[in-house]
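Structural description and commentary
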Amino acid sequence: MKKIAIITGASKGIGRQVAKELAKSNIQVIANYNKSEKDAIQLKEELKKENIEIDIFKANVTKREEIKKMVQFALEKYHKIDILINNAGISEYKMFTDETDEDWNNVINTNLYSVFAMTQEVVPNMIHNKNGCIINISSIWGIVGASLEVLYSISKSGINGMTKALAKELGPSNIRVNAIAPGIINTQMNSKLSEEEITRIKEEIPLEKIGNPIEIAKCIKWLIDDNYTTGQIISINGGWSIT
Ligand code: NDP
């Protein structure tokens, strides 16, 4: 039987590429989206042309009730969930002294609470099946911190802590929990950066280039196939940060 995967934030960027790669690898994909319905429908249609069927599911991953509905949909249709990719996220660029409680709630709920709540809803089924692979999309800034991105850095280091702790707790149930910490990847998230800023960043990266979503998708495929890696934060950043 096919493996079943839920990917959050699969309408755009990294999540979209991951959805395509997994679907093409004979994994049954449930691609979550929130605001970008058109993109999600277009993804489904694009894959359908290759005779690949995926499900798209609208859910705001900051809302427990919407998460519950998505997990219920997956379990009613496929009776199990093998893979959870917690990818949905937002960035924010502000002086620390300008951050508000609303900013805190927005960034922390979208980037961190979503990972907590999604994982909590999916894990009972994985424990029951004694099988599971959870991959959280973190960031280089969760490891080394970024000026003007304090809330984002907090959210991603929270993901890293959760990944390590949960790997220990769920290992005996044969559930692996890992995170990928990308550097800079060519998606809409970075569309606000000017050409000069991109050039400056490239100069700081030993491999002298920006990454592409496919690099993250390839690592995710490897982590799914593997069965002995858990609790790791895997940096994919062109050497931008080597810790
Ligand atoms: P994009 O902005 O291209 O895509 C973000 C995705 O997240 C969209 O599909 C969006 O869905 C979804 N999303 C946002 N909020 C919610 C929500 N409340 N509920 C459900 N889905 C939501 O970003 P990337 O692809 O670049 O980022 C993906 C992940 O990778 C993020 O966690 C990000 O922090 C991380 N990352 C990205 C890096 C980069 O350089 N691009 C570097 C390091 C980490 P919709 O539009 O439908 O609402």
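All residue numbers refer to position in the chain's written sequence, counted from 1. For a predicted model such as this one, the threshold for reporting local features is a pLDDT of at least 70, and the threshold for listing and counting side-chain atom pairs is 80 or more; totals across whole chains, interfaces and linings nevertheless cover every residue. Values reported for side chains reflect all heavy atoms of the structure, with hydrogen atoms and water molecules removed beforehand.

This part takes up the site of the ligand. Taken together, 32 residues sit near the ligand, with Ser 11, Ser 36, Asn 87, Tyr 152 and Thr 187 positioned nearest. A distance of 2.8 Å separates an oxygen atom of the ligand from a polar atom in the backbone of Ile 14. Here Asn 60 contributes a side-chain N or O atom positioned 2.9 Å from a nitrogen atom of the ligand. Here the open area of atoms and residues is found with the Shrake-Rupley method and a 1.4 Å probe, where only the protein chains shown may cover a residue. Relative to its unbound accessible area of 900 Å², the ligand is 93% covered by the protein chains. In DSSP terms, a helix is any run of H or I states spanning at least four residues, a strand is any run of E spanning at least two, and both are numbered starting from the N terminus. Elements represented by at least two residues in the shell around the ligand include exactly helix 1 (13–24), strand 2 (27–33) and helix 6 (150–170). A molecule or strand has a residue near it when one of that residue's heavy atoms lies within 4 Å. Here a polar contact is recorded for every N or O atom pair within 3.5 Å, except that within protein the pair must consist of a potential hydrogen donor and a potential acceptor, and residues adjacent in sequence are included only if both atoms are side-chain atoms.

Strands qualify as paired when DSSP identifies two bridges or more between them. Judged by pairing direction, the sheet is parallel, and its 7 strands sit side by side in the order 3-2-1-4-5-6-7 without closing on themselves. Bordering the open sheet on either side are strand 3 (55–58) and strand 7 (233–236), each of which pairs with just one other strand. Here the average twist between neighbouring strands, direction ignored, is 20°. In this analysis, two residues are considered to be in contact whenever any of their non-hydrogen atoms come within 4.5 Å of each other. A fitted line through C-alpha atoms represents every axis, and for helices the fit uses only the stretch in contact; the resulting angles, taken between N-to-C directions, go from 0 to 180 degrees. Where helix 8 (residues 213–225) meets the sheet, it contacts strand 1 (3–7), strand 2, strand 4 (83–86), strand 5 (132–137), strand 6 (175–182) and strand 7, and its direction lies at approximately 165° from that of strand 6.

With that out of the way, let us pick up the environment of Lys 24. Secondary-structure assignment places Lys 24 in helix 1. Exposed residues in this analysis have more than 50% of their type's maximum accessible area, buried residues have under 20%, and partly exposed residues fall in between, with area computed by a 1.4 Å probe over protein chains only. On the accessibility criterion, Lys 24 (43% relative accessible area) is partly exposed. Distance in space between the C-alpha atoms of Lys 24 and Asn 51 is 9.8 Å, their sequence separation being 27 residues. Sequence-distant contacts of Lys 24, defined by excluding residues within four places in its chain, comprise Leu 47, Glu 50 and Ile 52.

Quick look at the packing of helix 1 against helix 2 (residues 37–48) now. Relative orientation and spacing of two packed helices are given, respectively, by the angle between their axes and the distance between those axes. Orientation of helix 1 relative to helix 2, taken along the N-to-C sense of each, is 25°, at an axis distance of 11 Å. With respect to helix 2, the axis of helix 1 lies roughly parallel. Here the hand of the crossing between helix 1 and helix 2 comes out right-handed. Here Arg 16, Ala 19, Lys 20, Ala 23 and Lys 24 of helix 1 lie close against helix 2, whose contacting residues are Asp 39, Gln 42, Leu 43, Glu 46 and Leu 47. Residues are grouped as follows: Ala, Val, Leu, Ile, Met, Phe, Trp, Tyr, Cys and Pro are nonpolar; Asp, Glu, Lys and Arg are charged; all remaining types, including Gly, are polar. Here the residues of the contact of helix 1 with helix 2 are counted per class, giving 4 nonpolar, 1 polar and 5 charged. Angles are sorted into four bins: roughly parallel if under 35 degrees, roughly antiparallel if over 145, roughly perpendicular if 65 to 115, and oblique for all others. By definition, any crossing whose near helix is turned counterclockwise from its far helix by less than a right angle is left-handed, and any crossing with a clockwise turn is right-handed.

For the purposes of this analysis, a disulfide is any pair of cysteine sulfur atoms at a distance within 2.5 Å. All chains considered together, the criterion is met by 0 disulfides. This cysteine, Cys 133, is not joined by any disulfide, and Cys 219 carries the nearest cysteine sulfur, 10 Å off. Judged by relative accessible area, which is 4%, Cys 133 ranks as buried.

It is worth spelling out the layout of surface pockets at this point. Put simply, the grid is 1 Å and covers the protein atoms alone, a cavity is a trapped set of points that fit a 1.4 Å probe, a pocket is an open set with protein on both sides within 12 Å along at least five of seven lines, and lining residues have an atom within 4 Å of a point. Grid points are joined across faces, edges and corners, and a volume is the space filled by probe spheres set on the points. Counted as a void, the second largest pocket has a volume near 170 Å³. Its residues assigned to classes, the lining of the second largest pocket shows 6 nonpolar, 5 polar and 2 charged.

Note that side chains of opposite charge can pair when their charged atoms are close. Salt bridge, as used here: a side-chain nitrogen of Lys or Arg that lies within 4 Å of a carboxyl oxygen of Asp or Glu. With the rule as written, the count across this model stands at 12 salt bridges. Arg 16 serves as the salt-bridge partner of Glu 46, at 3.8 Å between the closest nitrogen and oxygen. Within this pair, whereas Glu 46 is found in helix 2, its partner Arg 16 is found in helix 1, the two being separated by 30 residues in sequence. Residue classification places Arg 16 among the buried positions, given a relative accessible area of 11%. With a closest N to O distance of 3.8 Å, Lys 218 and Glu 215 form a salt bridge. Of the two residues, Lys 218 and Glu 215 both sit in helix 8, 3 residues apart, roughly one turn of that helix. What makes Glu 215 partly exposed here is its relative accessible area of 31%. One network of salt bridges, with partners in common, ties together Arg 16, Lys 20 and Glu 46.

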